[in-house]
Amino acid sequence: MRKQEVRVGGEAGPGHGGSSPAEQVKAFMDLLAGKGTQGTQVPQAPDRTPEPPPEPPGNDYRIQRHREVLLSRLGGDLVLGEPPPRLASLLLVEGLTDLQLREHDFTQVEATRGAGRTARTIALDGLFLPLSRVSIPPRVSITVGVAGMGKTTLVRHFVHLWAQGQLAKDFSQVLPLTFRELNTYEKVSADRLIRSAFPHIGEPSLAAAAPARALLILDGLDECKTPLDFSNTAACTDPKKEVQVENLITNIIRGNLFPEVSVWVTSRPSTAGQIPGGLVDRMTEIRGFNEEEVKTCLEQMFPEDQSLAGWALAQVQADRALYLMCTVPAFCRLSGSALGHLYRHRRGPLNAELSPPRTLSEIYSWYFRMALGREGQDKGKVSPRIEQVAHGGRRMAGTLGRLAFQGLVRKKYVFYEQDLRAFGVDLALLQSALSGCFLQREETLGSAAAYCFSHLSLQEFVAAAYYYGASKRAIFDLFTESGVSWPRLGFLTHFRSAVQRAMQAEDGRLDVFLRFLSGLLSPRVNTLLMGSLLAPGEHQGYREQAARLLQGCLAPEAAVSARAVNVLRCLHELQHTELASSVQEAMEREGLARLTSPPHPAALAYLLQVSDAYAQEANLSLCLSQAVLQSLLPQLLYCQSLRLDTNQFQDPVMELLGSVLSGKDCRIQKISLAENQISNKGAKALARSLLVNRSLTTLDLRGNSIGPQGAKALADALKINRTLASLSLQNNMIKDDGAGSIAEALASSRTLCMLHLQKNSIGPVGAQRMADALKQNRSLKELMFSSNSIGDGGAKALAEALKVNQGLESLDLQSNSISNAGVAALMGALYTNQTLLSLNLRENSINPEGAQALARALCTNSTLKNLDLTANLLRDQGAQAIAEAIRENRALTSLHLQWNFLQAEAAKALGQALQLNSSLASLDLQENAIGDDGASAVARALKANTALTALYLQVTSIGASGAQALGEALAVNRTLEILDLRGNAIGVAGAKALGNALKVNSSLRRLNLQENSLGMDGAICVATALAGNHRLQHINLQGNHIGESGARMISEAIKTNAPACTVEM
């Protein structure tokens, strides 16, 4: 696209002779104002004598008259007022992707999983306005959308709102034209085109208009009968000169004609590529339905029967491939019509014929049956014989089918009466209800009628039905327009020809046609169309051979193409799913690496598009070789999240992935390459891709060996990249040099939010450089810095950064040899820091002295919510200090004190603090010998506390008396949801106490009694108690010497008493 948005002056087209731009504008406005056409063809220079200014009322009348005419032309098409949200706000995109330029509309939706591009939006009211104060309005705008997305509906909404004075008020004239209308001309001048399309403009009573902005709308470029050729079209600057229509449009877009008139073109994406990007000032795209809009569409189709709408939605959602296509509004409505017809005819006994559709062919077969039903109703009140209706179906497939097929071959999607006569279509046939369900009639300029199929896919379905029937009797190639070719006899010979043509069509225009042709051989479609289009059982002689022929097309290739994936879709339509099923099973068993035959990569690419398991994340860990990955690369472009962990990938693979990430079509947002064999060379390849990639937000490289040089390459890329938000370099030996490089990038980064640098031997020097970066950075929210041996010096440096930084929310300093001095510095920062929410100090060397510093900070800090002090040296004295702070603290919600040599006195202090604290929701005391006395102290707190929801007491030397105290507390407490008592010795008595509590407790959701010497009697006590408890969701009774038979009995009892509860035995 040209950078027209930042120009400061107008651009004249490259005119070759003729009038000047100013004269052309005057001529055009004269034309709109209704002035005569006398004089020479080239407008003369304006007379120097100034004319009196036009009367404002006359100008207003002229505009109002034009608005009224446009409203009358829209007629009853738009009874609604405002456009739906997806049309009121369009995606502002930067050009077309390779997928849009090369592939079929269905393939575009399927490959991208129905997800639109990540792009900013622009309101319909601002479609032709400048994007900023220093830019100018676009002259040439293009709006793209696949067939059935609503481009024409969008134009009608726009014209309707403009004519009512609600939109684009800076345009004095809006002139909507369709290419269906333009196709009726062979040669025409701009002058004659405007006058014939808008004859009311030439009324002599209209006053002259002052020069003002005008908008010319050209709707449906994909329906233009001749492709636009910007390379070889002669320039035309004379608005009165008659030229070929495509030449006229080319010159208008180029600016040779009327350079000051704004032009808005709508088109399918593949055809929009005919217009050079350098001539396009703004490109927008219509997004498809989202989940809620699919539901709303079906509900609006069946307002009288919401149960039908709900059933139709459930059927669509049951098949991911069909559901993705329902993001296209026209397909959603077509599917709804077909499913509605099926629903109304399935009230009787169910059979195979009436089972819900699971393929495209089945959907369209039901649509055809619906059309046949309407044809029967149209014949009169007396129902015609089935034979008559079936004959009408075959007749339509034979006549309209030939039209549809030849149109598909010739890329022709709009037909006129001369086309219908040329293909032998009886015009009387078009009056039937059956034809009306497939073919639409539209009046154009000069009273000529244009015909087109209601949706491109209907043309493809009817074309496939025609080809299916014709190929059984044709002796020459049906694709050869002249009708002369080597003799081809038999259906399979013609089927092979269709497969070859489809595989060779680089634009994929025969892909869906081939799917329908394959689908007509499936048993269920044969049952649905038996007697109307197909003969009973005739598919049986062709189906297996057709499947082998299709699979034979999956030859070894460097990269899996869209054509190869379409072959798998054809096999699905054929109901021959063995290949895809075998790959699916291998993926589930992590045995994909053993599948090495040529069809398997294509089947894998197909499953990545249609499988629910890979909808959110394509997990290809532990299963891919370099060769398979290389063949899959074109299809991986459109996976939003990709996991390629533990595949032993080396640097050459990173070169391949870098090429994918560099592609403008790339939609990958998250990629994980953990635990591979990537060195600095591979990191450099990925870094080069980050310089241009605009989709990736998460990159996980943990467990590789990129070293300091690889870290530097990635850091240099981060200085330019503006999308990456999360980077994990855990365990990559980047050392202090690599950390310094990352810190340099972090200092200026405005997008990086998560940085994981654990286990990288960074040391205090690297920590100092990272701290310096944090003083400048405002975007980073999470820093994982564990196991880096930063010591007290590194901790002090980070503490100084925390006093300044106001963005970091989570800091992980686990296992960093931090002692009291480092903790004191960090706690000093918490007096002023107002953003840190989580601090991990596990596995350091913090003793009671350090705990005192922690306690003082907690008394004043009001933001820290999670504090992890696991595996330090706090002992009772340190825990008591922290308990005193908890009495006052109202922010902390999670406290981990596991494995800190705590005993009963510490538990008592914490228990007393819990009776006053109202914020702490999770307390972890596991692996501390608090004993029964400590458990009793905590239990007393539970009777009064209303905040704690999770309590972890694993391996804390609790016996029966401690469990009894906890049981008494649970009978009263109404907030605790998780209680973990694993690895204690509560025995049968403790189990009975807890069981009695479960009979009345209504809050507990998870209970872990693993390894507690319960025995059979204790387990039975707990199991029987669950009969009165319907809230517990999970219980663990493993390691309690119950025995295999006892475990089965207990498990069955729990399932009987509490069916919603999951039990581990």
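These numbers come from a predicted model, not from an experiment. (Residues numbered from 1 in each chain as written. Predicted model: local features only at pLDDT ≥ 70, side-chain atom pairs only at ≥ 80, totals over all residues. Heavy atoms only, no water.)

## So, the packing of aromatic side chains
No. 1: For the coordinates displayed, the defined rule picks out 23 aromatic pairs.
No. 2: Taken together, Phe106, Phe331, Tyr364, Phe461 and Phe516 form an aromatic cluster joined through their ring pairs.
No. 3: Between arginine 67 and the ring centre of tryptophan 162, over which it is positioned, the NZ or CZ distance is 4.2 Å.
No. 4: Looking at arginine 268, its charged tip hangs above the ring of tyrosine 413, at a distance of 5.3 Å from the centre. (Phe/Tyr/Trp six-rings, centres within 6.5 Å; stacked < 30°, edge-to-face > 60°. Lys NZ or Arg CZ within 6 Å of the ring centre and 35° of its normal.)

## Some thoughts on the sheet that holds strand β12 (residues 449-453)
No. 1: Strand order in the open sheet formed by 3 strands is β10-β12-β11, and the pairing between neighbours is antiparallel. Looking at the sheet topology across the chains shown, the edges are occupied by β10 (415-416) and β11 (439-443).
No. 2: As judged from the 5 bridges shared by β11 and β12, these two strands associate in the antiparallel manner. Residue glutamate 442 lies in a different strand from β12, and its bridge partner there is alanine 450. (Pairing = 2+ DSSP bridges. Helix = DSSP H or I, 4+ residues; strand = E, 2+ residues; numbered from the N terminus.)

## Remarks on the side chain of asparagine 872
No. 1: By secondary structure assignment, the location of asparagine 872 is in the loop between β22 (866-868) and α36 (875-888).
No. 2: Of the polar contacts made by the side chain of asparagine 872, one reaches the backbone nitrogen of isoleucine 846; its length is 3.1 Å.
No. 3: The contact partners of asparagine 872, leaving out residues within four places of it in the chain, are Leu841, Arg842, Glu843, Asn844, Ser845, Ile846, Trp899, Asn900 and Phe901. (Polar contact = N/O pair within 3.5 Å; in protein donor to acceptor, adjacent residues only side chain to side chain. Contact = heavy atoms within 4.5 Å.)

## Section: the confidence of the model for the protein chain
No. 1: Looking at the protein chain as a whole, the pLDDT averages 87, with 89% of positions reaching at least 70.
No. 2: Low pLDDT (under 50) marks residues 33-57, which in the prediction has 31 contacts with non-local residues, meaning those over four places away or in another chain.
No. 3: The model gives residues 378-384 a pLDDT under 50, and that stretch makes 5 contacts with residues more than four places away or in other chains. (pLDDT = per-residue confidence, 0-100.)

## Looking at the sheet that holds strand β2 (residues 121-123)
No. 1: Spatially, β2-β1-β9-β3-β8-β6-β4 is the arrangement adopted by the 7 strands of the open sheet, whose pairing is mixed. Where the open sheet ends on each side, the last strands, each with one partner, are β2 and β4 (171-178). Ignoring which end each strand starts from, the neighbouring axes of this sheet average 30° apart.
No. 2: Two elements, strand β1 (residues 89-93) and strand β9 (residues 282-285), share 3 bridges in a ladder whose sense is antiparallel. Each residue of the ladder has a partner; that of leucine 92, found in β9, is threonine 284. (Axes fitted to C-alpha atoms, helices over the stretch in contact; angles between N-to-C directions.)

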